[in-house]
Every structure is written in structure tokens, then in C-alpha cells.
Amino acid sequence: MARLDVTEMFHGISFPGHLHTQESLELALRFPFRDTDVLIVSYPKSGTTWLQEIVTLILSRGDPHLNQTVPNWERAPWLEQYYSAAVLEASSATQRIITSHLPHHLLGPALQGSKAKVIYVYRDPKDVVVSFYHFHKMANFLPDAGTFEGFLKRFLEGTLNYGSWFDHVKGWSSQKNFMDNLLHITYEEMSLNLHDAIGKVSSFLQCPLVEEEVNNCVKLCSFASMKNNNMVNYTLIPHEIMDQSKGSFMRNGKTGDWKNMFTEEQNQYFEIVYKSKMQDYPEFV
Ligand code: A3P
């Protein structure tokens, strides 16, 4: 499945046709979740891969076997991508790890009544847009990045692939008080204290770890370890699809990198749009 130049428009949101079909997107909306499933949800570039690694390692009690032998898209497939139905069907895991970039208004109905554990990871949107911009330059299944100025405008309008960051975060955040099986975690808290973030996720998953197991997870989930792990750094993906000569997937792994990219005017413009879009969400302002 190449379709590198194809875009699928689904419920007003564009998705890369290399990974999605109308059928795979439709199937995701009707997915029969099991109560034992763990679902990781994010807007792209928010720490999805990091959380896939963290959850894999927690459920393996810090044992590196799985995360060093099975690619992340096989052990935590994206529900809406075309290959996931086959991967999930073939899975023998007692607790399946599933990933999704879908907004709540699309995926919420499939989760209703389910006890599947949902972890929503989000990140400072200024860092998200910078990371996404660099990713567009190397991912040949995404449209041309163009200038950062134009890219930022499209991010703020919500017209990039995967839709609006604002709608995504607001949709999943609005569920905080309604879903008791939903955990919110930020990229920033994982950066600040990975040990405690792993503790928070393991408690939520009701999978308590002893200190040595937590420490193993911390070591294996560090940026340096993941950058060197072929099962997670996307170097298994052919060059024509992800051209890592133009930049690494595991690019920088820092908070606040936006300061190296935004001009003062772009920052002011961002702040104005952000405040107006998030005004009803005081926890974000
Ligand atoms: P940068 O481009 O800012 O470096 P996603 O997995 O949602 O696509 O997010 C990718 C971003 O998460 C990239 O950000 C990547 O470097 C960062 N990332 C992945 N693993 C990480 C880790 N262990 N520590 C810090 N950042 C990590």
C-alpha cells in the first residue's frame, strides 16, 4: 500500500491515504473494545510513541524482550490504520495495547459502555507544531511542509492532516469528569519526571511495579534508548516512505524547542488564537 500522495477526507478531517482508507476509518468507529484493552490516544507528535513504549514496558514489568523485538506498530497498532484489523485479530496478548489519533467526537461512541483503559497524552502545542513540521519534511506520506509560517497557519486553522489540535484536546479533556477509565498525562510531565510518570501510568493500569522494574522502564524509555531501538525509531520503514536523511523521527525529545523556531510575531499570533480557542477551558489557559 503506497498511496503516498493520497489524502482520505473523513468526517471533515484529512488523513494520509498511505495509512488510512475510508473502510479502515469506518471500522475504527465501530471497533468492539474489550474491557481489558489499553488505548493510547493523542494528536500526532504529542508523545504517542513514548507512551506506547511506556505501556509496553509496564505490562512487561520492565522486561525489554517485547519492546526490542516487535515494532511498535505491531504491539500497539493504530486502530484507524488499514493494517490494524489483521494485527489485532492475530494478537494473542491478554491485554491489547491500541493507539489512536482520532478525536473524541469520532471514537467516543465506540468506547461507550466499555471499561477499556484510555490514556490521553498531550503536549504544549507550540512544540507539537514544530515537531509536526519537521516530521512533514521527512514523511513522504504527508503533504509538503512548505514554509513554517504557512504550516503554523494551517495548524492554527486545523486544516493539517489529523485535523485541529484544539478540537482534539478539548474533545478528550471534556471527558475527564465522565469517564473514570480515562487518564490524562502530558509530554511535559513525562519529561520532567519519567519515574513518577511511569508510576502514574502503572497505577492507572492497576499494574504496580517494584522499584527495580520501574527503573528498568525508565532506562528503556529514555530518549537515548528509544533513539537506538530499531523497533521504535522507524528506521525499519523504507527510505521512500520516511526519509530519515532529512531528519530523525526521534528528533530532539525536548520541551520548549518551539523557542528555536517561532518568531516573536508568530508567538504573539499563536497566543491570540490559543486564548480565543481555549477560553472556555481554564485549565489550559
Ligand atoms: P520531537 O520532534 O520534538 O523530538 P509522536 O510519537 O506522538 O509522533 O511524538 C514524537 C515526538 O516525541 C518527537 O518529538 C520525539 O522525539 C518525541 N519522543 C519520542 N520518544 C521520546 C522520549 N523517550 N523522550 C522524549 N521525547 C520523545
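Refer to the structure printed above.
Keep in mind it's a predicted model, so treat the numbers as computed, not measured. (Residues numbered from 1 in each chain as written. Predicted model: local features only at pLDDT ≥ 70, side-chain atom pairs only at ≥ 80, totals over all residues. Heavy atoms only, no water.)

Student: How should unusual backbone geometry be read in this particular structure?
Tutor: Non-glycine residue H11 carries a positive phi angle of around 50 degrees. Here H11 is to be found in the loop between β1 (7-10) and β2 (13-16). Look at Y162: it is not a glycine, yet its phi comes out positive at around 80 degrees. Along the chain, the position of Y162 falls in the loop between α8 (148-157) and α9 (165-173). (Helix = DSSP H or I, 4+ residues; strand = E, 2+ residues; numbered from the N terminus.)

Student: Can you help me understand the nonpolar core in this one?
Tutor: Burial of nonpolar side chains together is a common tendency in soluble globular proteins. One finds F33, L51 and I119 to be the most contacted residues of the largest nonpolar core, which totals 93 residues. Considering each element in turn, this core owes the most residues, seven residues, to helix α7 (residues 125-138). Apart from the residues lying within four places of it in its own chain, the contact partners of I119 are V38, L39, I40, V41, L51, V55, L183, I185, V201, F204 and L205. (Core = buried A, V, L, I, M, F, W, Y, C linked by side-chain atoms within 4.5 Å. Buried < 20%, exposed > 50% of the residue type's maximum accessible area, 1.4 Å probe, protein only. Contact = heavy atoms within 4.5 Å.)

Student: Would you mind showing me how to read the packing of α9 against helix α14 (residues 264-278) here?
Tutor: Two packed helices can be described by the angle between their axes and the distance between those axes. Between α9 and α14, whose axes approach to 11 Å, the crossing angle comes to 35 degrees. The interaxial crossing formed by α9 with α14 has right-handed handedness. Across the interface between the two elements, W165, F166, V169 and K170 from α9 touch V273, Y274, K277 and M278 from α14. For the contact of α9 with α14, the per-class residue count stands at six nonpolar, no polar and two charged. (Axes fitted to C-alpha atoms, helices over the stretch in contact; angles between N-to-C directions. Left-handed = near helix turned anticlockwise from the far one by under 90°. Nonpolar A, V, L, I, M, F, W, Y, C, P; charged D, E, K, R; others polar.)

Student: I'm lost on the sheet that holds strand β6 (residues 182-186) in this one. Help?
Tutor: Strands belonging to one sheet form pairs held by backbone hydrogen bonds; the direction of such a pair is parallel or antiparallel. Pairing is parallel across the open sheet formed by four strands, whose spatial order is β4-β3-β5-β6. If you trace the sheet from one side to the other, it starts and ends with β4 (97-100) and β6, each paired once. This sheet shows a mean twist of 20 degrees between the axes of neighbouring strands, independent of strand direction. Of the strand pairs in this sheet, strand β3 (residues 38-42) and β4 are connected by four bridges, and their pairing is parallel. In the sheet register, L39 faces β4, and the bridge partner there is I98. Helix α11 (residues 194-204) rests against β5 (117-122) and β6 of the sheet, and its axis sits at about 170 degrees to β6. (Pairing = 2+ DSSP bridges.)

Student: Would you mind going over the site of the ligand with me for this structure?
Tutor: Taken together, 18 residues sit near the ligand, with T48, T49, S131, Y187 and G253 positioned nearest. Within the side chain of T48, one N or O atom sits 2.5 Å away from an oxygen atom of the ligand. Taking T49, its side chain carries an N or O atom lying 2.4 Å from an oxygen atom of the ligand. Contact with the protein chains hides 96% of the accessible area of the ligand, taken as 570 Å² for the molecule alone. Looking at the shell around the ligand, the elements with two or more residues in it are α2 (48-59) and α13 (223-227). (Near = heavy atom within 4 Å. Polar contact = N/O pair within 3.5 Å; in protein donor to acceptor, adjacent residues only side chain to side chain. Areas by Shrake-Rupley, 256 points an atom, 1.4 Å probe, with all protein chains shown as cover.)

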